[in-house]
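# Structural description and commentary
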Amino acid sequence: MRDVAVVGFAQTPCVRETDGTTNGVEMLVPIFHEVLGGLGLTKSDIGFWCSGSSDYLAGRAFSFVSAVDAIGAFPPIMESHVEMDAAWALYEAWVKLQCGEVDTALVYGFGKSSAGQLRRVMAMQLDPYVVTPLWPDSLGLAGIQARMGIEDGLWSERAMAEVAARSRAAAMSNPLAQLSGPVSPEDLLDEPYVADPLRRHDCAPITDGASTVVLAAGDRARELCERPAWITGFEHRVDSPSFGTRDLTASPSAVAAGKAAGADGVEVAELHAPFTHQELLLSQALGLGDITVNPSGGVLAGNPMFTAGLSRIGEAARRVHDGTASKVLGHATSGPLLQQNLVCVMEGRD
Amino acid sequence: MPRPLSAPLDVGFDYTRSTGPTLGRFLSDLRRRKVTGIRGADGRVHVPPLEYDPVTAQRLTEFVDVASTGVVRGWSWIPEPLEGQPLDRPFAWALIQLDGADTSLLHAVDAGSPDRISTGARVRVRWRGDRVGAITDIECFELSDGPGDEPVEADDVTMVTTPVHLHYTHTASPTEDPFLRGLMEGRLLAQRCPACEKVYFPPRPACPTDGVPTTDAVELSDRGTITTFCVVNVPFLGQRIPPPYVSAYVLLDGADIPFLHLLLGVAPEDVRMGMRVEAVWKPREEWGPTMQNIDHFKPSGEPDAPFDSYSQHL
Ligand SMILES: [Zn+2]
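Residues numbered from 1 in each chain as written. Chains lettered and ligands numbered in written order. Predicted model: local features only at pLDDT ≥ 70, side-chain atom pairs only at ≥ 80, totals over all residues. Heavy atoms only, no water.

### Some remarks on unusual backbone geometry
Put simply, A:Asp196 and A:Pro197 share a cis peptide bond, and its omega is 15°. Tracing the backbone through its elements, the reader meets A:Pro197 in the loop between strand S5 (193-195) and strand S6 (198-199). Cis rather than trans, the peptide bond between B:Pro243 and B:Pro244 has omega equal to 0°. Of note, B:Pro244 is situated in the loop between strand S14 (223-232) and strand S15 (245-252). Not every positive phi belongs to a glycine, and A:Trp135 is a case in point at roughly 55°. Considering the arrangement of structural elements, one finds A:Trp135 in the loop between helix H5 (118-121) and helix H6 (138-151). Taking the relative accessible area as the measure of exposure, A:Trp135 reaches 6% and is therefore buried. (Helix = DSSP H or I, 4+ residues; strand = E, 2+ residues; numbered from the N terminus. Buried < 20%, exposed > 50% of the residue type's maximum accessible area, 1.4 Å probe, protein only.)

The following block contains the structure:
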């Protein structure tokens with residue numbers, strides 16, 4: 001295997017609504033400038049570009065093609081796209097680097113959730129024959145999962161509110177967060193249900209945003225970054241899309257991905273958990289114990305769809321870059337109710 | 001700066017899919033007020049039936065009749081239903097394990113209020129009167145420990161159609177906004193890239209060559225040159241002009257990128273690359289933020305432009 005590291009990360013502020021188009025160009029131009037400028041690179045130094053986004057979220061066909069305008073793709077570039085969270089685009093780029101074809105890759109994702117009705121758009125990822133025609137909304141489905149865990153004694157509404165309070169407190173040190181500030185779990189529990197047993201604080205907010213990560217291999221990574229976040233494990237696993245056949249209070253795919261990626265001994269984890277109970281479920285599945293989870297506030301503090309998972313990996317890598325941790329974990333999820341899980345373990349080398 | 005122009009964008013389409021043998025059997029049976037599952041490799045009965053085993057990926061073929069009554073295994077409460085959902089009053093989403101099944105089906109329960117439903121509650125199917133062979137033939141479930149309805153005769157279905165309607169607010173980019181506002185006044189406003197100085201009409205959020213936002217507005221005349229064209233001979237759904245007619249790429253004077261528009265006032269066989277054209281505008285009272293303000297282009301009568309003048313813009 002080639003040594004490949006995350007060497008750069010940039011993200012837009014997480015905001016409830018932007019003025020821009022749904023193809024993300026206005027959000028992407030400044031973060032490309034930031035991440036390339038920070039590394040002393042120009043677009044011609046990048047060997048491979050890969051993105052994650054969703055046409056259903058954008059409400060237009062081939063929105064990812066329009067997004068390429070933000071790169072300035074002339075002379076022609078090598079480019080690819082996944083209709084998933086950009087964490088999976090990062091995986092594709094990592095494989096490309098493993099193949100030895102290129103030494104650098106820039107990965108990006110974007111989502112303007114404010115343009116549509118996110119709860120309905122998410123129904124388009126469900127089984128088109130027996131589920132989507134009912135238009136199940138993402139909050140309603142997550143509510144079923146939350147209740148199953150509550151009734152099995154795996155978590156409680158109180159524990160869920162504590163996750164939300166911890167996320168917002170952590171986000172106070174994240175200037176790009178959408179939701180932050182001191183809140184008490186008691187106050188949160190006084191709020192009404194939006195999809196009983198879920199309250200508003202249990203659900204990630206609706207967010208517009210974009211983010212980008214730069215990968216580099218071997219000596220190129222050492223040139224570009226004082227303390228690269230070397231990827232030592234990168235795995236993704238899938239559970240059945242038929243969620244009525246699954247035990248929704250467990251996540252075999254997260255367990256398997258964490259084990260294969262070598263999650264043991266990580267000091268910091270950034271989890272892509274759009275609902276409070278899912279953070280509890282994932283911490284358990286990945287065997288995280290009482291380490292620091294989501295020091296950025298996680299997606300409960302800002303959830304730019306189709307790039308929030310990539311941002312988790314970027315946030316985790318930042319803890320290696322700045323020397324505050326030597327082994328970190330970034331996680332991303334895709335599909336309904338934690339159906340797919342990706343784990344990226346990164347280490348600093350002194 | 002005012003916010004960019006925005007407008008509602010409604011996207012609608014009917015997804016039409018063939019059902020195949022497994023889902024076709026399930027959906028045909030729903031039409032008959034019957035629920036059918038399938039036996040998995042581990043002996044579990046899956047409802048809805050799966051085509052392949054979720055663990056071994058083995059093809060599944062053994063259909064099993066199950067009841068239209070069952071038990072709630074998990075639920076959430078929806079106080080404000082959304083468009084397209086099974087009920088338009090508050091309801092529960094529930095995973096329901098039908099009697100005879102080992103896995104759960106997602107559907108709505110018409111429980112009235114959240115304190116009337118609980119995990120373990122008995123439910124039964126409320127069938128739609130007009131069944132077409134779709135999951136929505138189950139109107140919803142209702143709280144009941146009574147028996148299910150008797151099946152009836154009905155023909156098989158092999159296709160299923162799901163109408164999809166999604167609603168967006170489409171927003172113009174900061175560079176498209178002055179272009180659209182200009183059109184409302186009959187002005188053609190392009191944008192020049194500060195890096196390569198190419199003039200884009202219509203403008204784009206960023207120069208696709210340089211990846212930087214365009215910054216300088218440039219007003220263009222409504223005259224230009226045909227760079228290339230095609231004669232449309234084929235009728236299609238939604239066509240507004242009887243064929244044959246000419247769609248042409250028009251390079252406005254001063255622009256670097258041509259755009260597609262309609263060319264009238266000339267026989268198709270007389271259209272040429274390099275032909276000079278001018279805009280024919282709709283009446284002013286019909287103008288809006290759209291290129292349709294220009295009804296079409298017509299030959300201006302000027303001599304043809306030399307090939308070299310547009311060869312870089314094809
Ligand atoms: Zn340019």
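Next comes the rest of the account.
### Concerning the interface of chain B and chain A
With 64 residues of chain B at the interface, the matching set in chain A holds 55 residues. Between chain B and chain A the total buried area reaches about 4,600 Å² when both faces are included, carbon and sulfur atoms providing 61% of it. Between B:Arg3 and A:Asp19 there is a salt bridge, and its shortest N-O distance comes to 2.7 Å. Where chain B meets chain A, there are 20 residue pairs in polar contact (both at pLDDT 80 or more). Mapped by element, the contributors of at least two residues to the side of chain B that touches chain A are strand S1 (6-18), helix H1 (20-31), strand S5 (69-78), strand S6 (91-98), strand S7 (105-109) and strand S10 (159-171) of chain B. Residue contributions to the side of chain B that touches chain A peak at eleven residues, all from S10(B). In terms of residue class, the side of chain B that touches chain A is built from 35 nonpolar, 21 polar and eight charged. (Contact = heavy atoms within 4.5 Å. Buried area = accessible area lost by both parts, 1.4 Å probe. Salt bridge = Lys/Arg side-chain N within 4 Å of Asp/Glu carboxyl O. Polar contact = N/O pair within 3.5 Å; in protein donor to acceptor, adjacent residues only side chain to side chain. Nonpolar A, V, L, I, M, F, W, Y, C, P; charged D, E, K, R; others polar.)

### Brief notes about the sheet that holds strand S7 (residues 208-217) of chain A
Residues and elements named next belong to chain A. Spatially, ten strands are ordered S3-S2-S4-S7-S1-S8-S12-S11-S9-S10 in an open sheet, and the strand pairing comes out mixed. Either end of the sheet is taken by a strand with one partner, and the two such strands are strand S3 (79-82) and strand S10 (292-293). In terms of strand pairing, strand S8 (residues 229-238) meets strand S12 (residues 340-347) through eight bridges, oriented antiparallel. Residue pairing for S12: Ile231 is matched across the bridge by Met346. Across the sheet, helix H1 (residues 25-39) is in contact with strand S1 (4-11), strand S2 (48-52), strand S4 (104-112) and S7; its angle to S7 comes to roughly 30°. (Pairing = 2+ DSSP bridges. Axes fitted to C-alpha atoms, helices over the stretch in contact; angles between N-to-C directions.)

### Details of empty space enclosed by the protein
Residues and elements named next belong to chain A. This model, assessed by the stated rule, comprises two cavities of 30 Å³ or more. When its volume is computed, the largest cavity comes out at roughly 90 Å³. For the largest cavity, the lining is made up of 14 residues, of which Gln11, Cys14, Asn174, Gly302 and Arg312 are closest to its centre. Per-element tally for the lining of the largest cavity: the top contributor is helix H12 (residues 308-321), with three residues. Of the residues assigned to the lining of the largest cavity, the class counts are five nonpolar, seven polar and two charged. Put simply, the second largest cavity is a space of about 40 Å³. Taken together, Thr22, Ser53, Ser54, Leu57, Ala58, Ser63, Phe110, Gly111 and Lys112 make up the lining of the second largest cavity. Element by element, the count of residues in the lining of the second largest cavity is highest for S4, at three residues. Looking at side-chain class alone, the lining of the second largest cavity contains three nonpolar, five polar and one charged residues. (1 Å grid on protein atoms, 1.4 Å probe; cavity = no way out; pocket = protein on both sides within 12 Å on 5 of 7 lines; lining within 4 Å. Points joined across faces, edges and corners; volume = space filled by probe spheres on them.)

### Here we look at the UniProt feature "domain: ChsH2 C-terminal OB-fold" (unreviewed entry) in chain B
All names here are of chain B. As recorded in UniProt, the feature "domain: ChsH2 C-terminal OB-fold" (unreviewed entry) lies at residues 64-128 and 218-282. In this annotation, residues 64-128 is assigned 0% helix and 49% strand; the end-to-end C-alpha distance for the span is 23 Å. What you have in residues 218-282 is 0% helix and 49% strand, and the ends, taken at the C-alpha atoms, are 23 Å apart. (UniProt positions renumbered as here; feature names shortened; annotations may be inferred.)

### Brief notes about the packing of helix H4 (residues 86-98) of chain A against H12(A)
All names here are of chain A. Across the interface, H4 lies against H12 with an axial gap of 6 Å and an inter-helix angle of 60°. Taking contact as the criterion, the partners of Ala86, Ala87 and Leu90 in H4 are, on H12, Gly309, Leu310 and Ile313. Classifying every residue of the contact of H4 with H12 by side-chain character gives five nonpolar, one polar and no charged.

### Looking at the nonpolar core
Within the largest apolar cluster, 91 residues are counted, with the highest numbers of intra-cluster contacts made by A:Phe243, A:Leu329, B:Phe26, B:Leu98, B:Val109 and B:Phe141. Broken down by element, this core gets its largest block of residues, seven residues, from S6(B). For B:Val109, the contacting residues outside a window of four places in its chain are B:Leu87, B:Phe91, B:Ala92, B:Ala94, B:Ile96, B:Ile117, B:Val123, B:Phe141 and B:Leu143. Counting residues in hydrophobic clusters, the runner-up holds 36 residues, among them A:Leu97, A:Val107, A:Val213 and A:Leu310. (Core = buried A, V, L, I, M, F, W, Y, C linked by side-chain atoms within 4.5 Å.)

### Examining the coordination of the zinc ion
All names here are of chain B. The protein atoms that coordinate the zinc ion are Cys193 (SG), Cys196 (SG), Cys207 (SG) and Asp210 (OD), at distances of 1.9 to 2.3 Å. In this structure, the zinc ion is surrounded by four donor atoms whose angles at the metal cover 101 to 114°, and the resulting shape is tetrahedral. For the zinc ion, the single-chain donor residues occur in sequence as C-x2-C-x10-C-x2-D. Placement of Cys193 in the loop between strand S11 (188-192) and strand S12 (199-200) and of Cys207 in the loop between S12 and strand S13 (216-220) is noted, with a sequence separation of 14 residues between them. Side by side, Cys193 and Cys207 carry an identical accessibility label, which is buried. (Donors = N, O, S within 2.8 Å, 3.2 Å for Na, K, Ca; no water. Tetrahedral: all angles 85-135°; square planar, octahedral: opposite > 155°, others 65-115°.)

### Description of the packing of aromatic side chains
Taken as a whole and assessed by the stated rule, the structure comprises 13 aromatic pairs over all chains. Arranged with centres 5.4 Å apart and planes meeting at 80°, the rings of B:Phe307 and B:Tyr310 form a pair that is edge-to-face. The exposure class assigned to B:Phe307 is partly exposed, which follows from its relative accessible area of 45%. Through a chain of ring-to-ring contacts, three or more aromatic side chains come together here, namely B:Phe179, B:Phe201, B:Phe259 and B:Phe297. One cation-aromatic arrangement involves A:Arg120 over A:Trp135; the distance from NZ or CZ to the ring centre is 4.3 Å. In this arrangement the basic side chain of B:Arg25 is found over the ring face of B:Phe63, its NZ or CZ atom lying 4.5 Å from the centre. (Phe/Tyr/Trp six-rings, centres within 6.5 Å; stacked < 30°, edge-to-face > 60°. Lys NZ or Arg CZ within 6 Å of the ring centre and 35° of its normal.)

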